[in-house]
Amino acid sequence: MRPREVAGKTLRGLAVDLVAEVRQLDRRIVKAASDIKAAVVDSSSSLTELCGIATLTAGKIIARVDSIHRFRSAAAFASYTGTAPIEASSGDVVRHRLSRAGDRQLNYCLHTMAITQISRDTPGRAYYQRKRAAGKSHKEALHCLKRRLSDVAYQQLLRDSEAEPCGGPGTPVGGDSHVLRGRLTPRTGASD
């Protein structure tokens, strides 16, 4: 299309600029995704072996959790991810709700994992169906599944950290250095 009037030429120019910008953003997205995939592979994480966790989700979990050893238990990890149940009972009605606190991005990763597992023939789906058969609503059963998957992710991260040399990221190796995210870095004092 080659318009002859000024308004048409202006609209065409804007459309060409917009298409070029979208193409540039697409290239940046593809590069970022490949960089994240390379980082996940380099981390030797086995999170992608879990149903519902793809490379980008694994990258988000690894980046946001940092060292799994900063959590004293699976319950502490669940509290951090916002999947630990909080009692919200009133009178004779005993019920629980999920915490609105915690890392919402990690909670979203677990939610994606739960929805994926419900849609496929997995142990997560069987667990969800048992909770539904026990009288829980869809939302309550999903909350239970997310809490269970939080424990699964925690155990997987623990196994990954035990397989890493030097005991995992952030582990002191003696002297004036420590391992952080796979790199040996010198410790610096407060006066440095």
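Rules behind the numbers
- Residues numbered from 1 in each chain as written.
- Predicted model: local features only at pLDDT ≥ 70, side-chain atom pairs only at ≥ 80, totals over all residues.
- Heavy atoms only, no water.
- Buried < 20%, exposed > 50% of the residue type's maximum accessible area, 1.4 Å probe, protein only.
- Helix = DSSP H or I, 4+ residues; strand = E, 2+ residues; numbered from the N terminus.
- Arc of directions from axis to C-beta.
- Salt bridge = Lys/Arg side-chain N within 4 Å of Asp/Glu carboxyl O.
- Axes fitted to C-alpha atoms, helices over the stretch in contact; angles between N-to-C directions.
- Parallel < 35°, antiparallel > 145°, perpendicular 65-115°, else oblique.
- Contact = heavy atoms within 4.5 Å.
- Nonpolar A, V, L, I, M, F, W, Y, C, P; charged D, E, K, R; others polar.
- Core = buried A, V, L, I, M, F, W, Y, C linked by side-chain atoms within 4.5 Å.
- Phe/Tyr/Trp six-rings, centres within 6.5 Å; stacked < 30°, edge-to-face > 60°.
- Lys NZ or Arg CZ within 6 Å of the ring centre and 35° of its normal.

A. How the structure looks around helix 5 (residues 123–133). Within the span of helix 5, buried status applies to Gly 124, Tyr 127 and Tyr 128. Within helix 5, the buried residues cover an arc of 100° as seen down the axis, which keeps them to one side. Exposed residues on helix 5 whose side chains face more than 90 degrees from its buried face are Pro 123, Arg 130 and Ala 133. Just downstream of helix 5, Gly 135 is the residue with a positive phi angle, here 105°.

B. Broad picture of the pattern of salt bridges. On inspection of all chains with the given rule, the structure shows three salt bridges. Lys 31 is paired through a salt bridge with Asp 35; the nearest N and O atoms lie 2.8 Å apart. A residue pair is termed a helical-turn pair when its members lie 3 or 4 positions apart in one helix, as Lys 31 and Asp 35 do in helix 1 (residues 6–42) at four residues. Residue Asp 35 is classed as partly exposed on the basis of its relative accessible area, which comes to 40%. A salt bridge links Asp 103 to Arg 64; its shortest N-O distance comes to 2.9 Å. You can see Asp 103 sitting in the loop between strand 2 (96–98) and helix 4 (104–119) and its partner Arg 64 sitting in helix 2 (residues 55–65), a full 39 residues away along the chain.

C. Here's a closer look at the packing of helix 4 against helix 5. At their nearest, the axes of helix 4 and helix 5 sit 7 Å apart, and the two run at 85° to each other. Judged on the interaxial angle alone, helix 5 and helix 4 are roughly perpendicular. Where helix 4 approaches helix 5, its residues Gln 117, Ile 118 and Ser 119 are matched on the opposing element by Gly 124, Arg 125 and Tyr 128. When its residues are assigned to classes, the contact of helix 4 with helix 5 shows two nonpolar, three polar and one charged.

D. Examining the nonpolar core more closely. In terms of nonpolar packing, the biggest core is built from 28 residues, with Ile 61, Val 65, Ile 68 and Phe 77 touching the most fellow members. Those elements that provide at least two residues to this core are helix 2, helix 3 (74–81), helix 4, helix 5 and helix 6 (138–163). Ignoring any residue separated from it by four or fewer positions in sequence, one finds Ile 61 in contact with Leu 47, Ile 53, Leu 106, Cys 109 and Leu 157.

E. Spotlight on the packing of aromatic side chains. Under the counting rule described, the total for this entry stands at three aromatic pairs. Seen in terms of ring centroids, Phe 71 and Phe 77 are 5.3 Å apart; in terms of plane orientation they differ by 80°. Their pairing is edge-to-face. Grouping residues by exposure puts Phe 71 and Phe 77 together as buried. On the basis of an interplanar angle of 40° and a centroid distance of 5.7 Å, the ring pair of Phe 77 and Tyr 154 is categorised as tilted. Remark: Tyr 154 occurs in helix 6 and Phe 77 occurs in helix 3; sequence separation between them is 77 residues. Taken together, the ring pairs in this structure connect Phe 71, Phe 77, Tyr 80 and Tyr 154 into an aromatic cluster. Taking the ring centre of Tyr 80 as reference, the NZ or CZ of Arg 70 above it sits at 4.9 Å.

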